[in-house]
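Residues per chain are reported as follows:
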Amino acid sequence: EEQQSRHLGIHKRCLFQHIPGRSLQLIYRLVTYSLRAGVKLVSMRVLVVEDDRSIQMVLELVLNRMAKCEVLLASDGPEGLAKIREYKPDFVLLDLMLPGMDGFEICQRAKADDSTRHIPIIFLTAQPQPASVARAMALGAAGYLVKPFDPIKIIDEINEALARVQSPLIAK
């Protein structure tokens, strides 16, 4: 436990410089609590397609530390679609507004491809409009989460979306 705390302290200094203070405190407490509680986690590969580096960092930290996921990152639409096809992740967290290709087009292309149509896609976007939600779900999305998100609750929200199509991220 002491070694884990020391390890987290190093990461706290190195990785958290760009995360706002309140979010940083919540994430750090959440990670520390789960390490102490011995939460049993299922390892999965997740692709985060997001052009905002600070959001990438928060999601990478939470998914990697809390859920023990292997986290792949893509910063634009074409890169995201290429990584979906190449790595075939267990699920994708997909922003809607991306350079090069929007999230709707990525989802549509992934669901049209026999080799990737089974991959659950969860939109994570700042677009809360009902028409956007309806379009994403019609394209085959497993879920639609709206930013800003609570780093402490994001795992539960992902689990709810994944429960519709597969096993949850965290085994409880």
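Caption draft 1: Looking closely at the packing of aromatic side chains. Scanning the model with the defined rule gives 2 aromatic pairs in all. Pairing Phe104 with Phe123 gives two aromatic rings, centres 5.8 Å apart and planes at 45 degrees, and the pair type is tilted. Of this pair, Phe104 sits in helix H5 (residues 103-112) while Phe123 sits in strand S4 (residues 121-125), and the two are 19 residues apart along the sequence. In this structure Phe104 comes out as buried when scored by relative accessible area, which is 7%. Grouping aromatic residues by their ring pairs yields a cluster made of Phe104, Phe123 and Tyr144.

Caption draft 2: Local environment of the environment of Ile84. Within the secondary structure layout, Ile84 lies in helix H4 (residues 77-87). Among the residues examined, Ile84 registers a relative accessible area of 1% and is labelled buried. Considered as a pair, Ile84 and Ala110 are 26 residues apart in the sequence and their alpha carbons are 7.5 Å apart. In this view, Ile84 contacts Leu47, Pro89, Val92, Ile106, Ala110, Thr116 and Ile119; residues no more than four positions away in its chain are not counted.

Caption draft 3: Expanded view of the nonpolar core. Leu59, Leu63, Phe91, Leu93, Ile122, Ile154 and Ile158 are the most contacted members of the largest nonpolar core, which has 25 residues in total. When contributions to this core are tallied by element, the ones reaching two or more residues are strand S1 (45-49), helix H3 (53-66), strand S2 (70-74), strand S3 (91-94), S4 and helix H7 (154-163). Per-element tally for this core: the top contributor is H3, with 6 residues.

Caption draft 4: Expanded view of the packing of H3 against H7. Contact geometry of H3 with H7 gives a least axis separation of 11 Å together with a crossing angle of 75 degrees. In terms of their interaxial angle, H3 and H7 are classed as roughly perpendicular. When H3 is examined against H7, the residues Leu59, Val62, Leu63 and Met66 are found in contact with a partner set consisting of Ile154, Ile155 and Ile158. Classifying every residue of the contact of H3 with H7 gives 7 nonpolar, no polar and no charged.

Caption draft 5: Looking closely at the packing of H4 against H5. For the pair H4 and H5, interaxial distance at closest approach is 10 Å and the crossing angle is 20 degrees. One finds that H4 runs roughly parallel with respect to H5. Every pair of crossing elements has a handedness; the one defined by H4 and H5 is right-handed. Note on element contacts: H5 touches H4 through Ile106, Arg109 and Ala110, opposite Gly77, Leu81, Ile84 and Arg85.

Caption draft 6: Representation of the pattern of salt bridges within the structure. The full count for this structure, using the stated rule, is 7 salt bridges. Between Glu70 and Arg45 there is a salt bridge whose closest N-O contact spans 3.2 Å. One end of the pair, Glu70, is in strand S2; the other, Arg45, is in strand S1, with 25 residues separating them in the sequence. Between Arg109 and Glu105 there is a salt bridge, with the nearest N and O atoms lying 2.5 Å from each other. Of this pair, Arg109 and Glu105 both sit in helix H5, 4 residues apart, which is roughly one turn of that helix. Among the charged side chains, a salt-bridge network with shared partners connects Glu50, Asp95 and Lys147.

Caption draft 7: Fine view of the environment of Ala163. The residue Ala163 is located in helix H7 in this model. When the C-alpha positions of Ala163 and Gly143 are compared, they lie 9.9 Å apart, and in sequence the two are 20 residues distant.

Caption draft 8: Quick look at the confidence of the model for the protein chain. With 72% of its residues at a pLDDT of 70 or more, the protein chain shows a mean pLDDT of 81. Below pLDDT 50 for its whole length, residues 1-19 participates in 21 contacts with residues either more than four positions away or in separate chains.

The rules we used
Residues numbered from 1 in each chain as written. Predicted model: local features only at pLDDT ≥ 70, side-chain atom pairs only at ≥ 80, totals over all residues. Heavy atoms only, no water. Phe/Tyr/Trp six-rings, centres within 6.5 Å; stacked < 30°, edge-to-face > 60°. Helix = DSSP H or I, 4+ residues; strand = E, 2+ residues; numbered from the N terminus. Buried < 20%, exposed > 50% of the residue type's maximum accessible area, 1.4 Å probe, protein only. Contact = heavy atoms within 4.5 Å. Core = buried A, V, L, I, M, F, W, Y, C linked by side-chain atoms within 4.5 Å. Axes fitted to C-alpha atoms, helices over the stretch in contact; angles between N-to-C directions. Parallel < 35°, antiparallel > 145°, perpendicular 65-115°, else oblique. Nonpolar A, V, L, I, M, F, W, Y, C, P; charged D, E, K, R; others polar. Left-handed = near helix turned anticlockwise from the far one by under 90°. Salt bridge = Lys/Arg side-chain N within 4 Å of Asp/Glu carboxyl O. pLDDT = per-residue confidence, 0-100.

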